Amino acid sequence: QVQLVESGGGLVQAGGSLRLSCAASGRLFSSYAMGWFRQAPGKEREFVAVINWSGGSTYYTDSVKGRFTISRDNAKNTVYLQMNSLKPEDTAVYYCAADRNPYSGASYTNTKKYDYWGQGTQVTVSS
């Protein structure tokens, strides 16, 4: 089994930065695609970023391109989300997720594609 634990959330002012971490335990972590999603109050959980097993391919939702960077360190079983130039609309609970089969099934933007989820970490950006 795989367990994911997010950390690094907090309260920052607009324009500030945070680095989120997702520590994983369990087998075959390095073969999984890893994603970040977020959920704001009253809204559906939405895709933020995804990275493939090697770290060589990344994709982002349009609203965070140029500001957020996803990366992974397979030796540490950890995935990161560096968030710069934060905006109040980035306020949400951020979740990491693992996909065992990245080249089959639904799109990587679909929450249903992912097999394992963390419990989330709160990010609040004040204006």
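Definitions and limits used
- Residues numbered from 1 in each chain as written.
- Predicted model: local features only at pLDDT ≥ 70, side-chain atom pairs only at ≥ 80, totals over all residues.
- Heavy atoms only, no water.
- Salt bridge = Lys/Arg side-chain N within 4 Å of Asp/Glu carboxyl O.
- Helix = DSSP H or I, 4+ residues; strand = E, 2+ residues; numbered from the N terminus.
- Buried < 20%, exposed > 50% of the residue type's maximum accessible area, 1.4 Å probe, protein only.
- 1 Å grid on protein atoms, 1.4 Å probe; cavity = no way out; pocket = protein on both sides within 12 Å on 5 of 7 lines; lining within 4 Å.
- Points joined across faces, edges and corners; volume = space filled by probe spheres on them.
- Nonpolar A, V, L, I, M, F, W, Y, C, P; charged D, E, K, R; others polar.
- Phe/Tyr/Trp six-rings, centres within 6.5 Å; stacked < 30°, edge-to-face > 60°.
- Lys NZ or Arg CZ within 6 Å of the ring centre and 35° of its normal.
- Contact = heavy atoms within 4.5 Å.
- Polar contact = N/O pair within 3.5 Å; in protein donor to acceptor, adjacent residues only side chain to side chain.
- Disulfide = S-S within 2.5 Å.

Engineer: When you look at the pattern of salt bridges in this model, what are you seeing that I'm missing?
Structural biologist: When their charged atoms lie close together, side chains carrying opposite charge are able to pair. By the definition in use, this model includes 6 salt bridges. With a shortest N-O distance of 3.3 Å, arginine 100 and aspartate 115 are connected by a salt bridge. In this pair, arginine 100 sits in the loop between β9 (92-99) and β10 (116-117) while aspartate 115 sits in the loop between β9 and β10, placing the two residues 15 residues apart along the sequence. Among the residues examined, arginine 100 registers a relative accessible area of 42% and is labelled partly exposed. One network of salt bridges, with partners in common, ties together Arg38, Glu46, Arg67 and Asp90.

Engineer: Mind showing me how you'd approach the layout of surface pockets here?
Structural biologist: Over the atoms rolls a probe the size of a water molecule, and its path tells where empty space is left. Here the largest pocket defines a volume of roughly 210 Å³. Looking at the lining of the largest pocket residue by residue, the class counts come to 10 nonpolar, 2 polar and 2 charged.

Engineer: Can you help me understand the packing of aromatic side chains in this one?
Structural biologist: Aromatic ring pairs are defined here through the distance separating the ring centres and the angle between the ring planes. Throughout the structure, instances matching the rule amount to 7 aromatic pairs. Here the aromatic cluster, defined as three or more aromatic residues joined through ring pairs, consists of Phe37, Phe47, Tyr59, Tyr108, Tyr114 and Trp117. The residue whose ring lies beneath arginine 45 is tyrosine 95, and the NZ or CZ to ring-centre distance is 3.6 Å. A cation over an aromatic ring shows up here: arginine 45 above the ring of tryptophan 117, its NZ or CZ 5.0 Å from the ring centre.

Engineer: How do you make sense of the environment of arginine 45 when you look at a structure like this?
Structural biologist: Topologically, arginine 45 is positioned in the loop between β4 (33-39) and β5 (46-51). Given the relative accessible area of 28%, arginine 45 is considered partly exposed. Each C-alpha atom, one on arginine 45 and one on aspartate 115, is 15 Å from the other, the two residues being 70 residues apart in sequence. Beyond its immediate sequence surroundings of up to four residues, arginine 45 is in contact with Phe37, Arg38, Gln39, Tyr95, Thr111 and Trp117. Reaching out from arginine 45, the side chain makes a polar contact with the side chain of glutamine 39 at a distance of 3.4 Å.

Engineer: Looking at this structure, I do not really get the state of the cysteines. What am I missing?
Structural biologist: Defined simply, a disulfide is a covalent bond joining two cysteines at their sulfur atoms. Here the structure, examined in full by the defined rule, presents 1 disulfide. Disulfide pairing places cysteine 22 opposite cysteine 96 at an S-S distance of 2.0 Å. What sets the handedness of the cysteine 22 and cysteine 96 disulfide is the S-S torsion sign, and at about 55° it is right-handed. On the criterion of sequence distance, the pair formed by cysteine 22 in strand β3 (residues 18-25) and cysteine 96 in strand β9 is long-range, its members being 74 residues apart. Residue cysteine 22 is classed as buried on the basis of its relative accessible area, which comes to 0%.

Any link to function would need more than the numbers given here.
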